[in-house]
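# Remarks on the overall topology
Listed below, chain by chain, are the residues.
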Amino acid sequence: GGVESGMDDEEMLGGVESGSGDDTCIGWLFPFCSSNNVYYQSVVAPTSVQKIEPKLFFANERTYLHWLHAGTTLYTIAAGILTFADKKNANWAHVYAMALLPISLAICLYALHVFLWRADRIKTRVPGRWDDPRGPIILGSALVAVLVVNFVAKLFEIARYNKSQWEEF
């Protein structure tokens, strides 16, 4: 009893069509870079030329700069942790900083990718979604995971210190 749309469930979810092995992108993770997903379905071009306002270019650039700022700030924090770690906690500080550095690099690369992707969509005036709902969630989750691990490790370090102080009495 449903309406036939001509697409099966795998195609609707962004899966690879049967017989086409040329899709090398991770379509489920980054749907905007795969030609076999819901976001990229062929659309009918408007009959009149869409007017793209100049503020759209600047908004794209401003968003790119905000993401780059976040990535470079995180990189600066990680470099500071590496530089100013005391000798006693140097091992944990190195692990923590080396976990933050790839995340900061990923944020900068993601910013560049989304900037170029949106610039192309602005240039070609493609109607449809211009956002990526998965990227910020993945990057934010990775950052939160590293921060939670650091917090728990520091709690164990404080508990171990308190226990050693208690046993001295």
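Quick summary incoming for the structure in this document. No experiment lies behind these values; they were computed from the predicted model shown. (Residues numbered from 1 in each chain as written. Predicted model: local features only at pLDDT ≥ 70, side-chain atom pairs only at ≥ 80, totals over all residues. Heavy atoms only, no water.)

Relative to each other, helix 2 (residues 54-84) and helix 3 (residues 90-124) sit at 170°, their axes nearing to 8 Å. With respect to each other, helix 2 and helix 3 are oriented roughly antiparallel. Of the residues that constitute the contact of helix 2 with helix 3, the class distribution is 27 nonpolar, six polar and two charged. (Axes fitted to C-alpha atoms, helices over the stretch in contact; angles between N-to-C directions. Helix = DSSP H or I, 4+ residues; strand = E, 2+ residues; numbered from the N terminus. Parallel < 35°, antiparallel > 145°, perpendicular 65-115°, else oblique. Nonpolar A, V, L, I, M, F, W, Y, C, P; charged D, E, K, R; others polar.)

Let us now look at empty space enclosed by the protein. This structure, assessed with the given rule, holds one cavity of 30 Å³ or more. Put simply, the largest cavity is a space of about 50 Å³. Elements that contribute at least two residues to the lining of the largest cavity include exactly helix 2 and helix 3. The element that contributes the greatest number of residues to the lining of the largest cavity is helix 3, accounting for five residues. When its residues are assigned to classes, the lining of the largest cavity shows six nonpolar, two polar and one charged. (1 Å grid on protein atoms, 1.4 Å probe; cavity = no way out; pocket = protein on both sides within 12 Å on 5 of 7 lines; lining within 4 Å. Points joined across faces, edges and corners; volume = space filled by probe spheres on them.)

Glancing now at the nonpolar core. Counting 12 residues, the largest nonpolar core is built from Leu 74, Ala 78, Tyr 96, Ala 97, Leu 100, Leu 101, Ile 103, Ile 107, Tyr 110, Val 114, Leu 139 and Val 146. Only helix 2, helix 3 and helix 4 (135-168) provide two or more residues apiece to this core. Tallying contributions element by element places helix 3 first for this core, with eight residues. Here Ile 107 is in contact with Trp 67, Ala 70, Gly 71, Leu 74 and Leu 139, once residues within four sequence places are set aside. (Core = buried A, V, L, I, M, F, W, Y, C linked by side-chain atoms within 4.5 Å. Buried < 20%, exposed > 50% of the residue type's maximum accessible area, 1.4 Å probe, protein only. Contact = heavy atoms within 4.5 Å.)

What follows deals with the packing of helix 3 against helix 4. Following both chains from N to C, one finds helix 3 and helix 4 inclined at 170°, their axes separated by 10 Å at the closest point. As judged from the angle between their axes, helix 3 and helix 4 are roughly antiparallel. Of helix 4, the residues touching helix 3 (which contributes Trp 92, Tyr 96, Ala 99, Leu 100, Ile 103, Ala 106, Ile 107 and Tyr 110) are Gly 135, Pro 136, Leu 139, Ala 142, Leu 143, Val 146, Leu 147, Val 149, Asn 150, Ala 153 and Lys 154. Looking at the contact of helix 3 with helix 4 residue by residue, the classes come out as 16 nonpolar, two polar and one charged.

Our next topic: the packing of aromatic side chains. Counted according to the given criterion, the structure contains two aromatic pairs. Here Trp 67 and Tyr 110 contribute two aromatic rings whose centre-to-centre distance is 5.1 Å and whose plane-to-plane angle is 65°, an arrangement assigned as edge-to-face. You can see Trp 67 sitting in helix 2 and its partner Tyr 110 sitting in helix 3, a full 43 residues away along the chain. Take Tyr 110: its relative accessible area is 10%, and that puts it in the buried class. (Phe/Tyr/Trp six-rings, centres within 6.5 Å; stacked < 30°, edge-to-face > 60°.)

Shape is all these values report; function is a separate question.
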